[in-house]
Amino acid sequence: MPAKIPYALSSLRYDAPAHADDSGRREDVFAAIHRLPSRLSQIVLLKYYGQDGRPWTLRKIGRYYGISAERARQLLQSAHLQLRCQLEPPTPS
């Protein structure tokens, strides 16, 4: 695992993916990303923001972390599931 977070990750602020329409939801999404374990939040940010606004491929993320592209995909999927659990309202019992 790299010791230094790419500059693009350290400079991001409340700016969630474009499909999160209203600004309150954008902040919720961004806050949820930052509640993930560090490695997962970094993978999400690299995948959707990358550096200089250019998203990274799973292969590039894998090379950065010293893992396969398939493992990067699995970690991204895990992050998506955790984000969904954080952002979806609980269902009534």
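Residues numbered from 1 in each chain as written. Predicted model: local features only at pLDDT ≥ 70, side-chain atom pairs only at ≥ 80, totals over all residues. Heavy atoms only, no water.

(A) Expanded view of the overall build of the protein chain. In terms of regular secondary structure, the protein chain is built from five helices and zero strands. The contacts of the protein chain with a sequence gap of at least 6 include a subset with a gap of at least 24, amounting to 53%. Just so you have it, the protein chain exposes about 6200 Å², and 52% of that area is on carbon and sulfur atoms. (Helix = DSSP H or I, 4+ residues; strand = E, 2+ residues; numbered from the N terminus. Contact = heavy atoms within 4.5 Å. Areas by Shrake-Rupley, 256 points an atom, 1.4 Å probe, with all protein chains shown as cover.)

(B) Examining the nonpolar core more closely. Ile 33, Leu 36, Ile 43, Val 44 and Ile 61 are the most contacted members of the largest nonpolar core, which totals 20 residues. If you list the elements that add at least two residues to this core, you get helix H2 (23-35), helix H3 (38-48), helix H4 (58-65) and helix H5 (69-87). It is H5 that contributes the most residues to this core, six residues altogether. Excluding its chain neighbours within four sequence positions, the residues that come into contact with Ile 43 are Ile 61, Tyr 65, Ala 72, Leu 75 and Leu 76. (Core = buried A, V, L, I, M, F, W, Y, C linked by side-chain atoms within 4.5 Å. Buried < 20%, exposed > 50% of the residue type's maximum accessible area, 1.4 Å probe, protein only.)

(C) Up close: the pattern of salt bridges. Summed over all chains, the structure comprises two salt bridges. Where Arg 73 meets Glu 70, a salt bridge forms, and the shortest distance between an N and an O atom there is 2.6 Å. Pair noted here: Arg 73 and Glu 70 are both in helix H5, with a separation of three residues, about one helical turn. Glu 70 sits in the partly exposed class, given a relative accessible area of 40%. (Salt bridge = Lys/Arg side-chain N within 4 Å of Asp/Glu carboxyl O.)

(D) Summary view of the packing of aromatic side chains. With the rule as written, the count across this model stands at two aromatic pairs. Judged by centre distance (5.4 Å) and plane angle (75°), the rings of Trp 56 and Tyr 64 are edge-to-face. Their ring planes at 85° and their centres at 5.1 Å tell us that Tyr 64 and Tyr 65 sit as a pair that is edge-to-face. The exposure class assigned to Tyr 64 is partly exposed, which follows from its relative accessible area of 24%. (Phe/Tyr/Trp six-rings, centres within 6.5 Å; stacked < 30°, edge-to-face > 60°.)

(E) Main features of a positive patch on the surface. A cluster of basic side chains, namely Arg 54, Arg 59, Lys 60 and Arg 63, defines a positive patch on the protein surface. Topologically, Arg 63 is positioned in helix H4. (Patch = residues over 30% accessible without salt bridge, like charges linked within 9 Å, V, L, I, M, F, W, Y side chains within 5 Å. Lys, Arg positive; Asp, Glu negative; His and termini not counted. Charge placed at Lys NZ, Arg CZ, Asp CG, Glu CD.)

(F) Focus on the environment of Ile 61. Note that Ile 61 resides in helix H4. C-alpha separation for the pair Ile 61 and Gln 42, spaced 19 residues apart in sequence, amounts to 9.6 Å. Residues within four places of Ile 61 in sequence aside, it is in contact with Ile 43, Leu 46, Lys 47, Trp 56 and Ala 72.

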